[in-house]
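Structural overview for review
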Number of protein chains: 2
Amino acid sequence: MYSGSMSTSDRLIESTRELLWERGYVGTSPKAILEHAGAGQGSMYHHFRGKPDLALAAIRRTAEEMRAAAEGVLGSPGSPYERIEAYLRRERDVLRGCPVGRLTMDPDVIASDELRAPVDETLAWLRGRLAALVEEGKEQGQFAPALDSGEIASAILATVQGGYVLARASGSPAAFDTAVRGLLALLAPLG
Amino acid sequence: MYSGSMSTSDRLIESTRELLWERGYVGTSPKAILEHAGAGQGSMYHHFRGKPDLALAAIRRTAEEMRAAAEGVLGSPGSPYERIEAYLRRERDVLRGCPVGRLTMDPDVIASDELRAPVDETLAWLRGRLAALVEEGKEQGQFAPALDSGEIASAILATVQGGYVLARASGSPAAFDTAVRGLLALLAPLG
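Fair warning: this is a prediction, and the values are worked out from it, not measured in the lab.

Remarks on the interface of chain B and chain A
- Listed by partner, the interface residues are 44 residues for chain B and 44 residues for chain A.
- Ranking the residues of chain B by area buried against chain A places Met105, Arg168 and Leu186 of chain B at the top, with a combined share of 20%.
- Run the count over chain B and chain A and you get 4 salt bridges.
- As a salt-bridge pair, aspartate 108 of chain B and arginine 23 of chain A come within 3.0 Å of each other at their nearest N and O atoms.
- In this structure, the connection of chain B to chain A is made through 13 residue pairs in polar contact (both at pLDDT 80 or more).
- At the level of secondary structure, the elements contributing two or more residues to the side of chain B that touches chain A comprise helix 1 (8–23), helix 6 (107–110), helix 7 (113–139), helix 8 (149–170) and helix 9 (174–187) of chain B.
- Considering each element in turn, the side of chain B that touches chain A owes the most residues, 17 residues, to helix 8 of chain B.
- A class-by-class count of the residues in the side of chain B that touches chain A yields 20 nonpolar, 13 polar and 11 charged.

A few points about the pattern of salt bridges
- The tally for this structure, following the rule as stated, stands at 32 salt bridges over all chains.
- The residue arginine 181 of chain B makes a salt bridge to glutamate 151 of chain A at a minimum N-O spacing of 2.8 Å. Placement of arginine 181 of chain B in helix 9 and of glutamate 151 of chain A in helix 8 (residues 149–170) is noted, with the two residues assigned to different chains.
- One salt-bridge network, held together by shared partners, links Asp10, Glu14, Arg17, Arg61 and Glu65 of chain A.

Thoughts on the nonpolar core
- Membership of the largest hydrophobic core comes to 120 residues, with the highest contact counts inside it found for Tyr87 of chain A together with Tyr87 of chain B.
- With residues up to four places along the chain from it excluded, the contact list for tyrosine 87 of chain A reads Ala70, Val73, Leu74, Arg92, Leu126, Leu130, Leu157 and Val160 of chain A.

Regarding empty space enclosed by the protein
- Under the counting rule described, the total for this entry stands at 3 cavities of 30 Å³ or more.
- Arg23 and Asp106 of chain A together with Arg23, Met105 and Asp106 of chain B are the residues nearest the centre of the largest cavity, which is lined by 18 residues in total.
- Taken as a whole, the second largest cavity holds about 80 Å³ of empty space.
- Counting residues per element, the ones that place at least two in the lining of the second largest cavity are helix 8 of chain A together with helix 8 of chain B.
- Partitioning the lining of the second largest cavity into residue classes produces 7 nonpolar, 7 polar and 2 charged.

Thoughts on the UniProt feature "domain: HTH tetR-type" (unreviewed entry) in chain A
- Mapped onto this numbering, the UniProt entry gives "domain: HTH tetR-type" (unreviewed entry) at residues 6–66 of chain A.
- This span, residues 6–66 of chain A, is 77% helix and 0% strand, and a straight line between its end C-alpha atoms measures 22 Å.

Here is what the cut-offs are and how they apply
- Residues numbered from 1 in each chain as written.
- Chains lettered and ligands numbered in written order.
- Predicted model: local features only at pLDDT ≥ 70, side-chain atom pairs only at ≥ 80, totals over all residues.
- Heavy atoms only, no water.
- Contact = heavy atoms within 4.5 Å.
- Buried area = accessible area lost by both parts, 1.4 Å probe.
- Salt bridge = Lys/Arg side-chain N within 4 Å of Asp/Glu carboxyl O.
- Polar contact = N/O pair within 3.5 Å; in protein donor to acceptor, adjacent residues only side chain to side chain.
- Helix = DSSP H or I, 4+ residues; strand = E, 2+ residues; numbered from the N terminus.
- Nonpolar A, V, L, I, M, F, W, Y, C, P; charged D, E, K, R; others polar.
- Core = buried A, V, L, I, M, F, W, Y, C linked by side-chain atoms within 4.5 Å.
- Buried < 20%, exposed > 50% of the residue type's maximum accessible area, 1.4 Å probe, protein only.
- 1 Å grid on protein atoms, 1.4 Å probe; cavity = no way out; pocket = protein on both sides within 12 Å on 5 of 7 lines; lining within 4 Å.
- Points joined across faces, edges and corners; volume = space filled by probe spheres on them.
- UniProt positions renumbered as here; feature names shortened; annotations may be inferred.

Here's what the structure looks like:
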């Protein structure tokens, strides 16, 4: 499944990322990870202290990738509204859900401060990035001055995370797009 | 845990509802359900064909309750905006997540048309109910006529579902409230 040049440690991390996205933390057994990675039991304990340690490495890598992908559109040229729109409309594997956000529904992730931290940090970073853009849009007269940038940023982020829920419930990515269009209509620049 | 007057079948359903909300479908074993219900293994197979059958009964009951609770605020007196606001601000066990929406992150629920159906139907019903209110608000001049009622309803529903994600990530219900305030500011009546 992975190229021969990938280290065992990397194969274990990549396998864990895939399985966490697909099955969640509770649904991912060490046995399934080893099988997916084509690795022996000893190799997991040679590189990691156990499932939580390996999951932490996997979640951190997924969080970094998500941040880079978001920054790719949020930091692109264009007006604040256009950059928020590009973020909302960027290509996503909608029916798979958000690889970071879906972890919040995992009781064992939420029960562990260590595993929850990268999830919380990633969403907080995104929220801060969006709030700065809304603030910029307010200064440029694109958004109403009375709006609270942090609140609007939270609503944007929540629409994305909830869009995944609606898409998975209906079995169609269209439900995500519909929610995004609704939010964009409400956010549309003044005048 | 349950009153002595509750039938074994009801105890099994109530236990399954609790565990699905807490641990998800993948994380809920038949053994855990039986322990929680204080029931013997035979009783589960006497009343239900197995875990999927019992889960379906549990999900249906949870969905019915959620619908009744939502209708309680959406059907209350007040302007369309006030009723949408009441729905968004209604008391919720935010940190536990939505007992219906969280099931969409459960791979075994999504893989089963039968288990996914009550989840999809409940969210579709809510969306329709909200869309009718937005339409009413447009007719009364509360919302801009150019808004698409279905899209706005989806954005409202997504904000709620995503609000749970943000709250669980941060470990605080405040994150849910912030997203709701942002959406309400964007929805605020004209004039």
